[in-house]
Amino acid sequence: MDFTVQYVSFFVIRMDGQGEQVTKHFTHFQTLDQAGYEHSTLSSFLDGELMKISKRKVDRFPKSDNVPTKIGRFTVEPGHGLSSNPNYNQFQRLLIAKNPEAFQKEGEALVRGYMDTSAIRGGAFIVIRAKLNQYMDNPFLFLLKCDFEQKVAHISDASTLIKEVEMAITTKNMKSIQYPYMPEEGMVEEGELKLHQASHARYFEDFLPFVTYEKPMPEIIKEHVIQQAHSHIAATYEEQSDVRMAEEERLEAWANTPKRELQEQWTPEQVIEAAAPIVEQQPELELKLKLDHLQVKAMLSDFGESLHIAKTNGKYVLLIEGDSFQFEKGYSPVEFLKPEPLEEVLKKIRG
């Protein structure tokens, strides 16, 4: 899978001053067509980067809100098409630009929008239109941002040893946007893009105000569980009753507590029923829990199948079943254990 660059515009953003006195401005260095790009040093600098960006894996529902790579979607009002979205229209104008001058003009508008975001850093902003040779004729748009690297030097000669390089850039930690998003080779989603930013700062996504990103999976699951809990409360207690209001307050407190205890409200069957739609969407979803100092890492689908929670004599018991044990780090005599029958262990626990 390789790309042919049709147009590329190279801009440099500079930040002068500090704090509230900082001034931001950009300079357009050059816009190249296909022939110009292939014979430029920019070609060797970006060699393989477009393929790397397109192949970079991304989860539609990420594990957290701070993952470096996300899928963005152009927002549209109900009953309206993508053409009602300003960011989508901006990208489309770059994709249909007929000549380098038109491409440069639209690229400059994009850079101006980027410079209006807060907390940006100086660096190189590169706008690329490229065609994926193997699969399709419609081009892709790539937006790349390389921050300036501090204290970069190269070896010069025996007398000066090293020479400082001003405005040095590197593809390491480069921020990027690919539009349209390509979930599989040869397949594109016209209403979506893929954004990558290695740092936790969000200014690279902030300059596209009409693009939204999927909620992280933990937040989606939390909302689903809260909804299930509200339904359980509504079905169990009378409306406007004191006990129902107390349960609602208890649920709200639970939802805002990072370290939570077992609530002891639902039967195992109710838990499995509530977990079923989550497991269907995310079969490999992790389940982490801690019993005193013992930590267990399983999958949500394991509950009720190979992982069970019980209670006896006021204490919790975890039952985990499987076909084999595997020991890796930390040799111990436990590895030579001949397991007792479960009934004998339960007698000890009850005793």
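These numbers come from a predicted model, not from an experiment.

A.B. asks: Could you give an account of the overall build of the protein, with specific residues and numbers?
C.D. replies: Across its full length, the protein holds 10 helices and 16 strands. Relative to its length of 351 residues, the protein is extended, with a C-alpha radius of gyration of 28 Å against a globular reference of 20 Å. Referenced to the eigenvectors of the C-alpha coordinate spread, the extents of the protein come out at roughly 80 × 60 × 50 Å. At a minimum sequence separation of 6, the contacts of the protein that also span at least 24 residues come to 60%. Looking at the protein as shown, the accessible area adds up to about 22,800 Å², and 51% of this sits on carbon and sulfur atoms. Of the charged side chains in the protein, 40 are positive and 54 negative; the average position of the first set lies 5 Å away from that of the second.

A.B. asks: Please provide a residue-by-residue account of the side chain of T31, values included.
C.D. replies: Residue position: T31 is located in strand 2 (residues 23-33). Under the relative-accessibility criterion, T31 is labelled buried at 17%. A polar atom in the side chain of T31 sits 2.6 Å from the side chain of S9. Side-chain polar atoms of T31 contact the side chain of H28, separated by 2.7 Å.

A.B. asks: How would you explain helix 4 (residues 86-95) if you had to name every residue and give the values?
C.D. replies: Residues of helix 4 that are buried: N87, Y88, Q90, F91, L94 and L95. Taken around the axis of helix 4, the buried residues stretch over an arc of 160°, which confines them to a single face. Sitting at the head of helix 4, N85 places a side-chain oxygen 2.9 Å from the backbone nitrogen of N87.

A.B. asks: Report on the nonpolar core, specifying residues and quantitative values.
C.D. replies: F91, F125, V127, L143, I177, L193 and F207 are the most contacted members of the largest nonpolar core, which totals 28 residues. The leading source of residues in this core is helix 5 (residues 100-115), at 5 residues. Membership of the second largest hydrophobic core comes to 24 residues, among which are V5, V8, Y37 and F140.

A.B. asks: With reference to specific residues and values, describe the confidence of the model for the protein.
C.D. replies: Considering every residue of the protein, the mean pLDDT works out to 89; 98% of them sit at 70 or more. Taken element by element, the protein is modelled with least confidence in strand 7 (residues 162-164), mean pLDDT 81, and with most confidence in helix 4, mean pLDDT 96.

A.B. asks: Got a sec to walk through the sheet that holds strand 4 (residues 123-132)? Specific residues and values, please.
C.D. replies: Reading across from one edge, 2-1-4-5-8-11-3-12 is the order of the 8 strands in this open sheet, with antiparallel pairing throughout. Of all strands in the sheet, those bounded by a partner on one side alone are strand 2 and strand 12 (211-213). In this sheet, adjacent strand axes meet at a mean angle of 20° when their direction is disregarded. The pairing of strand 4 with strand 5 (residues 140-147) spans 8 bridges and is antiparallel. Bridge pairing in strand 5 links R129 to L141.

A.B. asks: How would you sum up the pairing of strand 16 (residues 315-320)? Please name residues and give values.
C.D. replies: Of the pairings in the sheet, the one linking strand 15 (residues 307-312) to strand 16 comprises 6 bridges and is antiparallel in character. Bridging across to strand 16, K311 finds its partner in Y316. What sits between strand 15 and strand 16 in their antiparallel hairpin is a turn of 2 residues, with N313 showing a positive phi close to 50°.

A.B. asks: Account for helix 9 (residues 268-281), with residues named and values stated.
C.D. replies: For helix 9, spanning 14 residues, the distance from its first C-alpha to its last is 20 Å, which sits close to the expected 20 Å at 1.5 Å a residue. At A275, helix 9 shows its largest bend, some 40°, and a proline, P277, comes one to four positions later. Looking at helix 9, one finds that the buried residues are A274, A275 and I278. Packed against the buried residues of helix 9 are helix 7 (217-236).

A.B. asks: Explain the domain arrangement of the protein to me, and be specific about the residues and the numbers.
C.D. replies: Partitioning the protein into domains gives domain 1 (3-213), domain 2 (215-265) and domain 3 (283-350). At the junction of the two partners, domain 1 supplies 6 residues and domain 2 supplies 5 residues. In this assembly, domain 1 packs against domain 2 so that about 400 Å² is buried in total across both faces, 65% of it on carbon and sulfur atoms. For the interface between domain 1 and domain 2, the tally reads 0 salt bridges. Considered class by class, the residues forming the side of domain 1 that touches domain 2 number 3 nonpolar, 1 polar and 2 charged.

A.B. asks: Give me a nonpolar patch on the surface: which residues, what numbers.
C.D. replies: A surface patch of nonpolar side chains, amounting to about 490 Å² of accessible area, comprises F325, F327, V334 and L337. Inspection of the secondary structure puts F327 in the loop between strand 16 and helix 10 (342-350).

A.B. asks: Give me the packing of helix 7 against helix 8 (residues 242-255): which residues, what numbers.
C.D. replies: Look at helix 7 against helix 8: their axes get within 10 Å of each other, and the N-to-C directions meet at 170°. In terms of orientation, helix 7 and helix 8 fall into the roughly antiparallel class. Residues K222, V225, I226, A229, H230, I233 and A234 of helix 7 touch helix 8, and the partners they reach there are R244, E247, E248, L251, W254 and A255. The residue inventory of the contact of helix 7 with helix 8, partitioned by class, reads 8 nonpolar, 1 polar and 4 charged.

A.B. asks: Please provide a residue-by-residue account of the packing of aromatic side chains, values included.
C.D. replies: We describe a pair of aromatic rings using the distance from one ring centre to the other and the angle between the two ring planes. Taken as a whole and assessed by the stated rule, the structure comprises 16 aromatic pairs. For the ring pair F3 and F140, a centre distance of 5.9 Å and an interplane angle of 90° mean the geometry is edge-to-face. Placement of F3 in strand 1 (residues 3-16) and of F140 in strand 5 is noted, with a sequence separation of 137 residues between them. F140 shares its class with F3; the two are buried. Measuring from ring centre to ring centre gives 6.2 Å for F125 and F207, while their planes differ by 90°; the resulting arrangement is edge-to-face. A residue pair is termed long-range when its members are at least 10 positions apart, and F125 in strand 4 and F207 in the loop between helix 6 (203-206) and strand 12 qualify at 82 residues. The same class applies to F125 and to F207, which are both buried. An aromatic cluster is defined as three or more aromatic residues linked by ring pairs; in this entry it consists of F74, Y88, F91 and Y179.

Rules and cut-offs
Residues numbered from 1 in each chain as written. Predicted model: local features only at pLDDT ≥ 70, side-chain atom pairs only at ≥ 80, totals over all residues. Heavy atoms only, no water. Helix = DSSP H or I, 4+ residues; strand = E, 2+ residues; numbered from the N terminus. Rg over C-alpha atoms; globule rule 2.2 N^0.38 Å. Contact = heavy atoms within 4.5 Å. Areas by Shrake-Rupley, 256 points an atom, 1.4 Å probe, with all protein chains shown as cover. Lys, Arg positive; Asp, Glu negative; His and termini not counted. Charge placed at Lys NZ, Arg CZ, Asp CG, Glu CD. Buried < 20%, exposed > 50% of the residue type's maximum accessible area, 1.4 Å probe, protein only. Polar contact = N/O pair within 3.5 Å; in protein donor to acceptor, adjacent residues only side chain to side chain. Arc of directions from axis to C-beta. Core = buried A, V, L, I, M, F, W, Y, C linked by side-chain atoms within 4.5 Å. pLDDT = per-residue confidence, 0-100. Pairing = 2+ DSSP bridges. Axes fitted to C-alpha atoms, helices over the stretch in contact; angles between N-to-C directions. Expected span 1.5 Å × (residues − 1). Bend = angle between axes of the 7 residues up to and from the residue. Domains from an automatic or database assignment. Buried area = accessible area lost by both parts, 1.4 Å probe. Salt bridge = Lys/Arg side-chain N within 4 Å of Asp/Glu carboxyl O. Nonpolar A, V, L, I, M, F, W, Y, C, P; charged D, E, K, R; others polar. Patch = residues over 30% accessible without salt bridge, like charges linked within 9 Å, V, L, I, M, F, W, Y side chains within 5 Å. Parallel < 35°, antiparallel > 145°, perpendicular 65-115°, else oblique. Phe/Tyr/Trp six-rings, centres within 6.5 Å; stacked < 30°, edge-to-face > 60°.

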